[in-house]
Amino acid sequence: MTAPVITVTHAAVGYDGRPVLRDVSLAVDAGEVVAVLGANGSGKSTLIRAVLGLVPLHSGAISLFGTPLRRFRQWRRVGYVPQRLGAGGGVPATVGEVVASGRLARRGVLRPPGRADRAAVAAALEAVGLADRARDPVATLSGGQQQRTLIARALAGEPELLVLDEPTAGVDAVSQEAFAGALRGFLGGGGTVLLVAHELGPLRPLISRAVVVHDGGIAHDGVVPEPAGHHAEPDHDHVHPHGPDEPVGLWSS
Ligand SMILES: Nc1ncnc2c1ncn2[C@@H]1O[C@H](COP(=O)(O)OP(=O)(O)OP(=O)(O)O)[C@@H](O)[C@H]1O
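Residues numbered from 1 in each chain as written. Predicted model: local features only at pLDDT ≥ 70, side-chain atom pairs only at ≥ 80, totals over all residues.

You'll find the protein entered in an unreviewed UniProt entry as Zinc transport system ATP-binding protein, with Micromonospora olivasterospora given as the organism. Recorded in UniProt for the protein, the comment headed Sequence similarities (unreviewed entry) runs: "Belongs to the ABC transporter superfamily." (UniProt positions renumbered as here; feature names shortened; annotations may be inferred.)

Structural data, given as structure tokens:
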């Protein structure tokens, strides 16, 4: 049997000796799209940063593709889109250049881009609907388009696992739809996704499983909770259903 893409076993993670996650276990199989949900500050970003080895574990273990994180070297298999960092950032790079930088782990800095690199960059731009913006400076794009640029950069590396931290937060509806389309294409190619989200929006039909982080642990691991009542209104900020069976406070922020 193939090992899960991600295995987290009794992980405890925190900062400066202060625990954020106390005992988290989670396995994500190939082809799954797992949404990490929870209140603000519950540790959603901390969980995905731990999965990427960006925050050390206090205890427990994490493996990627069956290899313990401390021995894992195949980072080309993983694409990461961090929480909004403003791809513009004053850097006068074009959209095409930023997306092409997603190939660096694959081709190495010293080798010039080849046909496969150019094709992957073009496909990634196409996937997020920015093919016609490749020559434009990133700083001239809207926030949603900048976010799509970062997603295209991750896709250009042709990863098997995409890890995304709030990819659609504050992103306009057109960009959310474009992102959902890109994700659909990625999944069609056999990809696996772990993403943090507040608002599932157009991503909802793509999510196969939801994991709710609460009080240092995982309070729910299973079906994606439905937004209820007025919370389902499009102008409502957060998804936090209060069904009778739902533990109170999971969604509030
Ligand atoms: N680099 C850091 N150093 C110290 N504390 C941190 C650091 N990053 C996050 N924290 C703290 O860890 C806790 C969990 O933060 P985290 O960003 O993982 O939560 P989150 O669920 O992703 O929140 P949000 O929904 O607001 O993005 C918070 O109390 C936060 O202040």
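Let's pick the thread back up.
S.K.: Give me the lowdown on the overall build of the protein, citing residues and values where you can.
M.R.: The helix and strand inventory of the protein stands at 6 helices and 10 strands. Every one of the 253 residues in the protein was classed for burial, and the buried ones make up 39%. For the protein, contacts bridging at least 24 residues in sequence account for 69% of all contacts bridging at least 6. (Helix = DSSP H or I, 4+ residues; strand = E, 2+ residues; numbered from the N terminus. Buried ≥ 20, exposed ≤ 12 C-beta atoms within 10 Å, placed from the backbone. Contact = placed C-beta atoms within 7 Å.)

S.K.: Provide a residue-level description of helix α1 (residues 44-51), including the pertinent values.
M.R.: A large share of α1 lies buried, amounting to 6 of its 8 residues. Looking at α1, one finds that the buried residues are Lys44, Thr46, Leu47, Ile48, Ala50 and Val51. Glycine 53 sits one or two residues past α1 and shows a positive phi near 75°.

S.K.: Explain the sheet that holds strand β2 (residues 18-28) to me, using residue names and the numbers behind them.
M.R.: Reading across the sheet, the 4 strands line up as β2-β1-β4-β5 and stay open at both edges, with antiparallel pairing between neighbours. Of all the strands in the sheet, the pair left with one neighbour each is β2 and β5 (67-68). Pairing between strand β1 (residues 6-15) and strand β4 (residues 57-64): 6 bridges, direction antiparallel. Within the sheet, the bridge partner assigned to isoleucine 6 lies in β4 and is leucine 64. (Pairing = 2+ DSSP bridges.)

S.K.: Can you lay out the confidence of the model for the protein for me, pointing to particular residues and giving the numbers?
M.R.: Per-residue pLDDT for the protein has a mean of 85; in total, 84% of the residues score no lower than 70. Contacts from residues 230-253, a stretch scored under 50 in pLDDT, to residues over four places away or in other chains number 34 contacts. (pLDDT = per-residue confidence, 0-100.)

S.K.: Would you mind going over the sheet that holds strand β10 (residues 217-222) in detail, with residue names and values included?
M.R.: Within a sheet, adjacent strands bond to each other through the backbone by hydrogen bonds, running parallel or antiparallel. In spatial order, the strands read β6-β7-β8-β3-β9-β10; together these 6 strands make up an open sheet with mixed pairing. Of all the strands in the sheet, the pair left with one neighbour each is β6 (78-81) and β10. Strand-to-strand twist in this sheet, taken as the mean axis angle between neighbours without regard to direction, amounts to 15°. Of the strand pairs in this sheet, strand β3 (residues 33-37) and strand β8 (residues 192-196) are connected by 4 bridges, and their pairing is parallel. Pairing of valine 36 across the sheet is with valine 196, part of β8. Across the sheet, α1 touches β3, β7 (161-165), β8 and β9 (209-214), and the angle it forms with β8 is around 145°. (Axes fitted to C-alpha atoms, helices over the stretch in contact; angles between N-to-C directions.)

S.K.: Hey, could you go over the packing of helix α5 (residues 143-156) against helix α6 (residues 173-188) for me, with residue numbers and the actual values?
M.R.: Look at α5 against α6: their axes get within 9 Å of each other, and the N-to-C directions meet at 10°. The angle between the axes of α5 and α6 places the two elements in the roughly parallel class. Between α5, through Gly144, Gln145, Gln147, Arg148, Ile151 and Leu155, and α6, the contact on the second element is made entirely by Val174, Ser175, Ala178, Phe179, Ala182 and Phe186. Split by residue class, the contact of α5 with α6 holds 7 nonpolar, 4 polar and 1 charged. (Parallel < 35°, antiparallel > 145°, perpendicular 65-115°, else oblique. Nonpolar A, V, L, I, M, F, W, Y, C, P; charged D, E, K, R; others polar.)

S.K.: Please provide a residue-by-residue account of the site of the ligand, values included.
M.R.: Lining the immediate surroundings of the ligand are Tyr15, Val20, Gly38, Asn40, Gly41, Ser42, Gly43, Lys44, Ser45 and Thr46. Looking at the shell around the ligand element by element, the count peaks at 3 residues for α1. Residues of the shell around the ligand, tallied by class, amount to 2 nonpolar, 7 polar and 1 charged. (Near = placed C-beta within 6 Å.)

S.K.: Now, about the environment of threonine 7: what can you tell me, with residues and values included?
M.R.: With respect to the helices and strands, threonine 7 occurs in strand β1. Separated by 61 residues in sequence, threonine 7 and proline 68 have C-alpha atoms that sit 9.0 Å apart. Excluding its chain neighbours within four sequence positions, the residues that come into contact with threonine 7 are Ala27, Ile62 and Ser63.

S.K.: Go over the nonpolar core with me, naming the residues and quoting the values.
M.R.: Of all hydrophobic cores here, the largest spans 65 residues; its most connected members are Val36, Val51, Ala124, Val128, Ala152, Val163 and Leu194. The element contributing the most residues to this core is α5, with 6 residues. Sequence-distant contacts of valine 36, that is, excluding residues within four places in its chain, are made with Lys44, Leu47, Ile48, Leu194, Leu195, Val196, Val211 and Val213. (Core = buried A, V, L, I, M, F, W, Y, C linked by C-beta atoms within 7 Å.)

S.K.: Go over helix α4 (residues 115-127) with me, naming the residues and quoting the values.
M.R.: Between the first and last C-alpha of α4 there are 18 Å, a value that for 13 residues agrees with the 18 Å anticipated at 1.5 Å per step. By the burial criterion, the buried members of α4 are Ala120, Val121, Ala124, Leu125 and Ala127. Projected down its long axis, α4 carries its buried residues within an arc of 160°, all on one side. For α4, the exposed residues lying more than 90 degrees away from the buried face are Arg115 and Ala119. Tucked inside the fold, the buried residues of α4 contact α2 (95-100), α5 and α6. Phi turns positive, to about 75°, at glycine 129, one or two residues after α4. (Expected span 1.5 Å × (residues − 1). Arc of directions from axis to C-beta.)

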